[in-house]
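Read off the chains here:
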Amino acid sequence: MLSLTPRSLLACLVIIAAAPAVCVAQINEHSAIREPVKLILDTDMSGDCDDAGALAVLHALADRGECEILAVVTNRRDLTDASAAAVDAINTYYGRGEIPIGTDKIGPTALQRASPYTIALRDEFENNVPADADVKDAIDVYRRALIAEADQSVTICSIGAFSNLAELVRVAPELVRTKVQRLVVMGGHFPKSNRRETNIAAHVKAAQYVADHWPGEIVWHGFEVGEQLMTGAGLKATPKNNPVRRSYELRPMPGNKMSIDNGKPSYDQAAALYAVRGGEPKFWQVIRNGQVEVKEPGITSWSQESPSNKSAEHSYVKIASSPQQLADVIEELMVAPPQKMSDEEASDEQRKIRELESMADLALVPPTPNLSPLPEYSYENLDYGMTIGISQTPGGRLWACWVAGGDSPKAFFVVATSDDDGENWTQPRLVLDSHSNELPRPRSILVGNLWTDPNGKLWLFFDQSMDMFDGRGGVWTIVCENPDADDPTWSAPRRIWHGVTLNKPTVLSSGDWMLPVSLDERGGLGVFRDCFQNLDPLRGANVFVSKDQGETWHRRGRATFPNPDWHEHMIVQRNDDSLWMLARTRNGIMESTSVDGGKSWSAAVASKIKHPNARFHVRRLQSGRLLLIKHGDAIDSHHGRVGLSAWLSEDEGQTWLGGLMLDERKGISYPDGFQSSNGSIYISYDRNRATDGEVLMARFTEADIEARKLVSPESKLRSLISRPLATQPSADR
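Residues numbered from 1 in each chain as written. Predicted model: local features only at pLDDT ≥ 70, side-chain atom pairs only at ≥ 80, totals over all residues. Heavy atoms only, no water.

## Brief notes about the overall build of the protein chain
Step number 1: When its secondary structure is counted, the protein chain shows 16 helices and 39 strands.
Step number 2: For 733 residues, the compact-globule estimate of 2.2 N^0.38 gives 27 Å, and the protein chain sits close to it at 28 Å.
Step number 3: Counting only C-alpha atoms, the protein chain reaches 95 × 50 × 50 Å along its principal axes.
Step number 4: Evaluated residue by residue, the protein chain yields a buried proportion of 62% over its 733 residues.
Step number 5: A fraction of 68% describes how many contacts in the protein chain between residues 6 or more apart in sequence connect residues 24 or more apart.
Step number 6: Element-wise, carbon and sulfur atoms account for 49% of the exposed surface of the protein chain, whose accessible area totals about 26800 Å².
Step number 7: A distance of 2 Å separates the average location of the 78 positive side-chain charges in the protein chain from that of its 97 negative side-chain charges. (Helix = DSSP H or I, 4+ residues; strand = E, 2+ residues; numbered from the N terminus. Rg over C-alpha atoms; globule rule 2.2 N^0.38 Å. Buried < 20%, exposed > 50% of the residue type's maximum accessible area, 1.4 Å probe, protein only. Contact = heavy atoms within 4.5 Å. Areas by Shrake-Rupley, 256 points an atom, 1.4 Å probe, with all protein chains shown as cover. Lys, Arg positive; Asp, Glu negative; His and termini not counted. Charge placed at Lys NZ, Arg CZ, Asp CG, Glu CD.)

## Brief notes about helix 13 (residues 267-277)
Helical periodicity: at 3.6 residues per turn, an α-helix aligns residues three or four positions apart in one direction.
Step number 1: Counting buried residues along helix 13, 11 of its 11 residues qualify, which places the element largely inside the surrounding structure.
Step number 2: Just beyond helix 13, the residue with positive phi is G278, at close to 75°.

## A look at the packing of aromatic side chains
Given two aromatic rings, their pairing is described by the distance between the two centres and the angle made by the two planes.
Step number 1: All told, the structure shown has 20 aromatic pairs when counted by the stated rule.
Step number 2: Between F190 and W220 the ring centres are 6.0 Å apart and the planes differ by 65°, which places this aromatic pair in the edge-to-face class. Residue F190 is found in the loop between strand 5 (180-186) and helix 8 (198-201), and its partner W220 is found in strand 6 (residues 217-221); the two are separated by 30 residues along the sequence.
Step number 3: Arranged with centres 5.6 Å apart and planes meeting at 15°, the rings of W459 and F461 form a pair that is stacked.
Step number 4: Since its relative accessible area comes to 0%, F461 is described here as buried.
Step number 5: Through a chain of ring-to-ring contacts, three or more aromatic side chains come together here, namely F162, F190, W220, W302 and Y316.
Step number 6: One cation-aromatic arrangement involves R170 over Y209; the distance from NZ or CZ to the ring centre is 4.4 Å.
Step number 7: In this arrangement the basic side chain of R689 is found over the ring face of Y670, its NZ or CZ atom lying 4.6 Å from the centre. (Phe/Tyr/Trp six-rings, centres within 6.5 Å; stacked < 30°, edge-to-face > 60°. Lys NZ or Arg CZ within 6 Å of the ring centre and 35° of its normal.)

## Focus on the sheet that holds strand 12 (residues 299-303)
Step number 1: The strand order 3-2-1-4-5-6-13-11-12 describes an open sheet built from 9 strands, whose pairing is mixed. A strand with exactly one partner marks an edge of an open sheet, and here the two such strands are strand 3 (101-103) and strand 12. Neighbour to neighbour, the strand axes of the sheet diverge by 30° on average, direction disregarded.
Step number 2: Bridge analysis of strand 4 (residues 154-159) against strand 5 gives 5 bridges, and the strand direction is parallel. Bridge assignment links V154 to a residue of strand 5, and that residue is V180.
Step number 3: Relative to strand 2 (residues 67-74), helix 2 (residues 50-63) is tilted by about 155°, and along the sheet it contacts strand 1 (37-43), strand 2 and strand 4.
Step number 4: Strand contacts of helix 5 (residues 138-147): strand 1, strand 2, strand 3, strand 4 and strand 5, with the helix running at about 160° to strand 2, the strand carrying the most contacts. (Pairing = 2+ DSSP bridges. Axes fitted to C-alpha atoms, helices over the stretch in contact; angles between N-to-C directions.)

Shown next as structure tokens:
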């Protein structure tokens, strides 16, 4: 049973920590030009105190809006069993006591001594984690932090042994390849030395494994970098309740001095600074196009040869400027006072928001697809029907998905198939239902879509959120590579980003795939109002692009609309390569255009297509014409959610012809569709969701639209996909 206290929820299921909102006064030359770096720190917080200094640097950068600390994990077995408590004491001092912490339970103890400062930080400063052995496992913390973030968006900074990194890439190489943009490590000595370096020697085999198998960029910061950067003496001027100061007071140096007296080398701080700000030319010279080799008893060498691991990209750094200039930057960050309020300083409302944001982390736990949903989810036990999407796979099978449970926090997904062109449909054969009696609030799966990609794989996109929308939500996907098999198999759920998606990707002329993702500008709903304000700069009708057939997705840009309602935006690439976006708002359809591939979008304007506050559908057809499915029997008018009609445009949406009425009844809505290889158009929609709960299909052709009636022999309207049998049907049949 899950504890319902926010702190306990964090301890068992926490994944990421919310970044601070960026105040105007904090915007600087770094934060003003890019989004905050998503960062995980992997530290041996026990021996040297520069680990504490590095964590102070990261908190100062987070206060400036330059990074978001997703998690901190420790990578060496602290003989005092207090490394996690020391980390939490520092995080709490900086007002981020909610950051997830993990420990390496079987980490190396080579070269290890009892820490001179972790017990003091545990006993003298506020913290709220147990002994290291009882803290969440580091790999679990890694997994959940990475799952929560966008592809190629996370930087890992390692300032200790390589034990966690080796285990992570061993057990979850695909997660690392997909989610991690860069690994910055403090370790080794470059370009070559016979000198043993501590972080390498602590676990040589782990360091070798990371050097040989890490599937991406590694930037190596050698011992020789930090040795030139003396920092820490300035901590004497900080308050005595600063745990970083205390760690420097307790770490002895040669000559009966302590680290705080004259400072000490900044091995770890230099790597932390680089992890956030990158290779600034005024500070760093980056040596690329080679590889690092690790050997016993803990030595490294650089060779100007391409790594044998083809997906690897190695580099190491040299200081390009005055070491003192770089040391001054580090010292300034180390002594900067905390900017984020502690729990004691926060108002009741602010504490409530923190608790709710912690609770929302439960929506970051991947749901389990139910591939044997009967009899629990049979039609006899369903009482609601809201269409999500429809698609056809290469063998001709039709797949349909709809929402059961309600357009509410009770929502979950149901999927069925037809092998006879929609004449007959199976009972539910796949269900995504993430509800649990052990949760403190409902966890819903409410919106998404089905899409068959150009390679014939079937994608099911879905959101997952606490309640209806907790202010962050999340777009997930599962993929089926054999959708026409008797027993299709699905990939594990993968989280793409925050928000929701309601419509299919668009394949651009470049071959890139563009996915519409809405991060609603209204923020969280109900009790989650005002949560995740740090995401406000990203709210709007976002577009994500994949250049590698869906292996990774990258946020390209966003449009914003007044009075949005989930956006439900759809994108068409025009013949001049501009992108035309149509979005749902409370005032009807609005439009925006991009001429730079989706990076920037024009100011929103009202569309000539008049439509209620409801979903519509627009796609380019094989003929080159555009298809529009809308409410009403005219382009420039509607009567609410009454009647769905189909239209064609031969001039990129300037004018529309046709007007085939697909279903003239009241209470119909939410069209989605596709065009098959034979030219037939398939549209799914729903009718009277809470009473009849019908999900219906229309099959027709462009000739039918032009004639405004069915003239093609295979066309058919009002075909039933599903009807829940636990509803109270309306009298309007």
